[in-house]
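Summary of the model geometry
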Amino acid sequence: MGMKEVRLKFENCEFANLDEMAATLLNEANERIVLIDLGEIENTREERNYVKFRLMHLERSFRGEIYEGYRSIYNSLWSQLYRLEHQGNDSNPYLKNLLERLRSAVF
Amino acid sequence: MSGCPFKSILGNQKGAFRLFRKEDNHHLANTKIENNSYQPKNQEFQKLLHNNVGNQIRFVGLSEEDIMNLAEIRPIMERNAAQIVDAFYGKLQDMPNLLTIINKHSTVEKLGKTLTQYLLDMVSGRIDENYVIRRKVIGNVHNRIGLFPEWYIGAYTLIQNEMLHVLTRELDTWEEVMKYYISFQRLCSFDMQIGIETYIESYTSSMMKLNEIEELQSRLNDSASTLAASAEETTSSIADKEGLVEQMLSEVESITQLSKDMIATVDDGKQDVSEALTKVDKVVDLIANTKILTQELSDSSTQIGQVVKTIRGISNQTNILSLNAAIEAARAGEHGKGFSIVAQEVRKLAHQTEQALDHIQGQISTVQETIEKFENSFKHIVDETSLFRETNRNTIQILEASVENVKSNDSRIHNFSGFIFEFKKTFEEISDASHQIAEMAEQLSYLNNELTDKFRN
């Protein structure tokens, strides 16, 4: 993969290579989900975005194809994130509005 | 805390807790599938009927009885899940595009395990909020990996067909088959509704790049905050420095004033020394004049000495004459008696003249000695005065050099002062720029809030 296009930087952290970045960001995302599940951190959009932005950054860095070694945890973290989104029940207001209109049209 | 409802469907994948915190595994265990001794969870299902999926449940006709029916066939599912999964993925082998998606994001083996857990979840007898969330996640995941709803619906058709085969084989009567199959079909329909609705929501979100917008917003917010903080810091730092510059300017002004005062003082000093020199010059002139007068006095005394000498000669001759007169008078006898008395008187006068001359001579010597002393004193005064003049001249030179130095320093201070003024001006410009940046940051923040509001309305 074209390494020159990969930004080995996230927020203020710079990484030596893609592996180090992936391990760090996945670990941070995982830790955050754990803390939300433990109730130590509130399940808000801001807190979930902490996880989401890390996963999105990795997706871009891996150009959509996550290395097999990270794939399982990466997929799992997305699923955990979706779960938190549904449990938090405060999705994007615009989407919520659309969904309500869709429901009222169907039922 | 709600716990993780993923254990049942993501058992084959590394969950968030299990990757890094082995000690937290117990959090995953709370949704373990119940065994076939079914305990109705009416309350949980009733709760679902009254929240926003209630309409969907009623629409597909899913009831508590269906859930109980499904729980009853859990043993059948446990025996046959692997077969259903095999048949399902066997069919997928004919769909290269689906296999590409699967292999890109996971493996058939892993998905097989996930599907097995999924099927067992359907016959767990627990259709509650967590069950709905698990279905919603499926919609999200399918959208993320690019698996479109037609494949999702197709998959349910395949699973239902396989389930029908299994039920036909496992059950004795057609009525039983239909009873359980319909319950299974209803739950499949409910799952599909939830999944597809979430898929649509998720697809809309990705189509509108809401995640990216949200990420950009977050970055924008961070940048605006950083910008504002940085501007504030710069402004504050500049304000501090401006204070220092003001202080520096004030100090420089004070130094300039001191320098001017010093020049004035030194000029005054120079003036005083010059005046002192002039006075000394006058004293020297006076001494010179006095010296002339002294010389004249000396000459006069010498002349008096000459006169005294002449008179002394006359007096001596007068004395000799009086002696001769006395001798002649003696010779004349009686006739010369009167003359003898005159001669004696003349002699006395000559003698008195001699005495007076001695006295005058003494006086002249005293005058001459005094003049000599005068001359010595004058000489000493002249020497001292010369020294004094020399010292004063040196002092004037030093003062002049000091004035030059002070003037030179004054000029340097003036230049330095100009430099500080420039410095101050630059600070003011930076301060203005910093204020502008702060305003920009505020505007950025405002625009960001506008964007957020647009989402809400």
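**A closer look at the overall build of chain A**
Each helix and strand counted, chain A has four helices and two strands in total. Going residue by residue from the N terminus, the α and β elements of chain A occur as β-β-α-α-α-α. Taken across its 107 residues, chain A has 48% of its residues classed as buried. Restricting the contact set of chain A to residue pairs at least 6 apart, pairs at least 24 apart contribute 61%. Counting only carbon and sulfur atoms, one obtains 45% of the accessible surface of chain A, whose full area is about 5,200 Å².

**Thoughts on the nonpolar core**
Counting 51 residues, the largest nonpolar core has B:Met77, B:Leu119, B:Phe184 and B:Phe190 as its most contacted members. For this core, the element with the most residues is helix α10 (residues 174-207) of chain B, which contributes 10 residues. Those residues in contact with B:Phe184, other than ones at most four positions away along the chain, are B:Leu70, B:Met77, B:Leu119, B:Met122, B:Ile159, B:Gln160 and B:Met163. Counting 29 residues, the second largest nonpolar core, distinct from the first, contains A:Ala29, A:Phe53, A:Leu55 and A:Ile66.

**Comments concerning the environment of B:Leu399**
All names here are of chain B. Structurally, the position occupied by Leu399 is in helix α12 (residues 337-456). Along the backbone, Leu399 and Ile263 are 136 residues apart, and their C-alpha atoms lie at a distance of 9.5 Å. Once residues lying within four places of it in the same chain are set aside, the contact partners of Leu399 are Val266, Gly269, Lys270 and Val273.

**Details of the packing of helix α5 (residues 74-92) of chain B against helix α9 (residues 149-170) of chain B**
A pair of packed helices can be characterised by two numbers: the angle between their axes and the separation between those axes. All names here are of chain B. For the pair α5 and α9, the least separation of the axes is 9 Å and the interaxial angle reads 135°. Here α5 is positioned oblique relative to α9, judged by the angle of their axes. For the pair α5 and α9, the crossing hand works out as right-handed. In this structure, α5 uses Ile76, Met77, Arg79, Asn80, Gln83, Ile84, Ala87, Phe88 and Lys91 to contact α9, whose residues at the interface are Ala155, Leu158, Ile159, Glu162, Met163, Val166, Arg169 and Glu170.

**Things to note about the packing of aromatic side chains**
Across all of its chains, the model carries 11 aromatic pairs over all chains by this definition. Judged by centre distance (5.6 Å) and plane angle (25°), the rings of A:Trp78 and A:Tyr82 are stacked. Taken together, the residues A:Trp78 and A:Tyr82, both in helix α3 (residues 68-88) and four residues apart, mark about one turn of the helix. A relative accessible area of 3% places A:Trp78 in the buried class. Summarising the aromatic geometry, the rings of B:Tyr199 and B:Tyr203 are spaced 6.0 Å apart at their centres and angled 10° between planes, so their arrangement reads as stacked. With B:Tyr199 and B:Tyr203 both in helix α10, this residue pair falls four residues apart, about one helical turn.

**Description of the side chain of B:Ser434**
Residue and element names in this part refer to chain B. Within the secondary structure layout, Ser434 lies in helix α12. Exposure remark for Ser434: the relative accessible area of 3% places this residue in the buried category. Residues contacting Ser434, with those up to four places away along its chain left out, are Ala231, Thr234 and Thr235.

**Here we look at helix α11 (residues 210-331) of chain B**
When the terminal C-alpha atoms of α11(B) are compared, their 176 Å separation across 122 residues agrees well with the 182 Å that a helix rising 1.5 Å per residue should span. Count one or two residues on from α11(B) and you reach B:Gly333, which has phi positive near 70°.

**Regarding the pattern of salt bridges**
Residues and elements named next belong to chain B. The full count for this structure, using the stated rule, is 24 salt bridges over all chains. Among the salt bridges present, the one from Glu334 reaches Lys337, with a minimum N-O distance of 3.3 Å. Here Lys348 ties to Glu345 by a salt bridge, and the two come within 3.7 Å at their closest N and O atoms. Placement of the pair is Lys348 and Glu345 together in helix α12, with a separation of three residues, close to one helical turn. Taken together, the shared-partner salt bridges in this structure form one network comprising Asp121, Arg134, Arg135 and Asp191.

**What to know about a negative patch on the surface**
Among the surface-exposed residues, B:Asp267, B:Asp268, B:Asp272 and B:Glu275 lie close enough to one another that they form a single negatively charged patch. For B:Asp272, the location among the structural elements is in helix α11.

**Here's the deal with the environment of A:His86**
Mapped onto the elements, A:His86 comes out in helix α3. Non-local contacts of A:His86, meaning those with residues more than four positions away in its chain, are made with B:Ile133, B:Lys136, B:Val137, B:Asn140 and B:Thr198. Side-chain polar atoms of A:His86 contact the side chain of B:Asn140, separated by 2.6 Å.

**Considerations on the confidence of the model for chain B**
Residues and elements named next belong to chain B. Looking at chain B as a whole, the pLDDT averages 82, with 90% of positions reaching at least 70. Taken element by element, the predicted model of chain B shows its lowest mean pLDDT in helix α1 (residues 16-20) (46) and its highest in helix α4 (residues 64-72) (94). Note that pLDDT drops below 50 for residues 1-15; the model gives that stretch 63 contacts with residues more than four away or on any other chain. Low pLDDT (under 50) marks residues 17-38, which in the prediction has 53 contacts with non-local residues, meaning those over four places away or in another chain. Note on the complex model: pTM 0.57, ipTM 0.77.

Conventions and cut-offs
Residues numbered from 1 in each chain as written. Chains lettered and ligands numbered in written order. Predicted model: local features only at pLDDT ≥ 70, side-chain atom pairs only at ≥ 80, totals over all residues. Heavy atoms only, no water. Helix = DSSP H or I, 4+ residues; strand = E, 2+ residues; numbered from the N terminus. Buried < 20%, exposed > 50% of the residue type's maximum accessible area, 1.4 Å probe, protein only. Contact = heavy atoms within 4.5 Å. Areas by Shrake-Rupley, 256 points an atom, 1.4 Å probe, with all protein chains shown as cover. Core = buried A, V, L, I, M, F, W, Y, C linked by side-chain atoms within 4.5 Å. Axes fitted to C-alpha atoms, helices over the stretch in contact; angles between N-to-C directions. Parallel < 35°, antiparallel > 145°, perpendicular 65-115°, else oblique. Left-handed = near helix turned anticlockwise from the far one by under 90°. Phe/Tyr/Trp six-rings, centres within 6.5 Å; stacked < 30°, edge-to-face > 60°. Expected span 1.5 Å × (residues − 1). Salt bridge = Lys/Arg side-chain N within 4 Å of Asp/Glu carboxyl O. Patch = residues over 30% accessible without salt bridge, like charges linked within 9 Å, V, L, I, M, F, W, Y side chains within 5 Å. Lys, Arg positive; Asp, Glu negative; His and termini not counted. Charge placed at Lys NZ, Arg CZ, Asp CG, Glu CD. Polar contact = N/O pair within 3.5 Å; in protein donor to acceptor, adjacent residues only side chain to side chain. pLDDT = per-residue confidence, 0-100.

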